[in-house]
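# Survey of secondary and tertiary structure
Read off the chains here:
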Amino acid sequence: MIENKLLIISEDEAMKDQLRLILSEYKKVDAIQYEDLKTEIDRMAPDIVFLVQPKDDSSVEAVQFIQSLNPMTVVVFISLTQDFNLLRGVTRAGASDFFVFPDEMTLLNSKLDSIIQSAVDRKKSAEEIAASSQSFTRGRGQIYSFYSGKGGSGRTLIASTFAQTLKLESTAQVLLIDFNLQFGGVETYLSIESNRSLADLTPVINELNESHIRNVSERENHSKLEVLLSPKDAEVAESLPDEFISRLLRTCRRSYDFVIVDLPVHMNEATYTALEESDKIYYVLNLDTPSLQVLKQVEQLFKRLGVEMDERFELIVNGIGKDNELNVGDIKNFLSLPIEAKLNRDSKGLQPLINKGEPLRKEANEKKITQFAKDIRKWVLSKLG
Ligand SMILES: Nc1ncnc2c1ncn2[C@@H]1O[C@H](COP(=O)(O)OP(=O)(O)OP(=O)(O)O)[C@@H](O)[C@H]1O
Ligand SMILES: [Mg+2]
């Protein structure tokens, strides 16, 4: 049995309570304010939305927005007025059911089981289609951010190689984004020369779609991995409009199965937004005391900023070797954070490739790859199942 995620969206607390009561049999029920719809719903990824009519006339637009994020979401519209035009508008926008409250409250109650069943059916058939074509379910890709509070810990090399490996070892659509807006970095490891950058999306950011992204992205030569490069310009970075980063990430999430984001140490609006939008935050940690101290500070900073860590903040221990100050056991003793991957130090293998500007991966099923690339492949394969 697939457990459905239900979400109530309403301006009105009393309506929220009423709906909670009606839905009390179901386990996964959340409720948010109508005004938070645009910022919250993408990450919450509900299966069924109970949308209560807002005071203003933005109902149709709200239904359209929910459907544009994921057409699989079942939208049940709760109207507070008998308004035929509104009914027609929200139905056209994709709402599958419509109840006028309070008159039709009992009707909703009695139809609830079949509404839930239709969501289960939709999800099942989407999964079957996905399984039969061996492809990934479109609609909601995963955003993985690579972060660290300490420079030079290996984020860019790990993020680039992780993305390349995912691309080579699966049929997934993968996009790598360089959010080191000031200095860039991935272009060096992946040997990409180009004047294009993600800042070129600025003129179309309000109507951003998949083809805009594919036009601006570059492809890494060997893996054909798509990459959105950094503008490498502080001034350009500063001038990106509000909501640029969140719009970009949400559009990417809809068009790709995996969106891999390389983040700078610097905590600014872009870094913060990317962290907020991420399904996983992979924190790259080296095995020494300064790295542990910085991590402690990062935990405090995240708490202050309200960046949720539970179930998505995971450690990537990088540079494991014989002569480290600390070992993986120490990390487990000192910290309660989960370790997602362990990567060995491999200077001998890496340095010649980095010096020549050659990417660490060239083709699928390669035999002769560096220890570091092997460690990453092991991790990626375990994620792909
Ligand atoms: N596992 C490893 N073994 C050996 N060398 C490594 C390893 N990981 C990273 N390095 C070295 O560290 C250097 C810095 O890595 P990288 O640029 O990925 O770090 P970063 O965290 O992105 O740094 P920045 O703060 O500059 O963005 C690499 O060029 C590489 O030489
Ligand atoms: Mg970097």
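Residues numbered from 1 in each chain as written. Chains lettered and ligands numbered in written order. Predicted model: local features only at pLDDT ≥ 70, side-chain atom pairs only at ≥ 80, totals over all residues. Heavy atoms only, no water.

Its domain assignment divides the protein chain into domain 1 (6–132) and domain 2 (142–384). A separation of 35 Å is found between the C-alpha centroids of domain 1 and domain 2. On the domain 2 side, the residues contacting the six residues of domain 1 number seven residues. Of the roughly 580 Å² buried between domain 1 and domain 2, counting both surfaces, carbon and sulfur atoms make up 39%. When the buried area of domain 1 at its contact with domain 2 is split by residue, Asp42, Arg43 and Leu69 rank highest and sum to 76% of it. Between Asp42 and Arg253 there is a salt bridge, and its shortest N-O distance comes to 2.9 Å. Between the two partners, domain 1 and domain 2, sit four residue pairs in polar contact (both at pLDDT 80 or more). Listed by contribution, the elements that provide at least two residues to the side of domain 1 that touches domain 2 are helix H2 (37–44) and helix H3 (59–69). Tallying contributions element by element places H2 first for the side of domain 1 that touches domain 2, with four residues. (Domains from an automatic or database assignment. Contact = heavy atoms within 4.5 Å. Buried area = accessible area lost by both parts, 1.4 Å probe. Salt bridge = Lys/Arg side-chain N within 4 Å of Asp/Glu carboxyl O. Polar contact = N/O pair within 3.5 Å; in protein donor to acceptor, adjacent residues only side chain to side chain. Helix = DSSP H or I, 4+ residues; strand = E, 2+ residues; numbered from the N terminus.)

Attention now moves to the packing of aromatic side chains. According to the stated counting rule, one finds 14 aromatic pairs in the structure shown. An angle of 55° between the planes, with centres 5.4 Å apart, marks the rings of Phe146 and Tyr282 as tilted. You can see Phe146 sitting in strand E6 (residues 142–147) and its partner Tyr282 sitting in strand E11 (residues 280–286), a full 136 residues away along the chain. A single burial state applies to Phe146 and to Tyr282, both of which are buried. The structure contains a cluster of three or more aromatic residues connected by ring pairs, namely Tyr144, Phe146, Phe162, Phe258, Tyr282 and Trp379. (Phe/Tyr/Trp six-rings, centres within 6.5 Å; stacked < 30°, edge-to-face > 60°. Buried < 20%, exposed > 50% of the residue type's maximum accessible area, 1.4 Å probe, protein only.)

What follows covers the site of ligand 1. Every one of the 17 residues lining ligand 1 counts as a neighbour, but Arg155, Thr156, Leu157, Tyr189 and Asp346 are closest to it. Between ligand 1 and Thr156, the relevant distance is 2.7 Å, taken from an oxygen atom to a side-chain nitrogen or oxygen of the residue. Secondary-structure elements contributing two or more residues to the shell around ligand 1 are helix H6 (155–169) and helix H14 (347–356). At four residues, H14 tops the list of elements feeding residues into the shell around ligand 1. Here the shell around ligand 1 is built from residues that sort into five nonpolar, nine polar and three charged. (Near = heavy atom within 4 Å. Nonpolar A, V, L, I, M, F, W, Y, C, P; charged D, E, K, R; others polar.)

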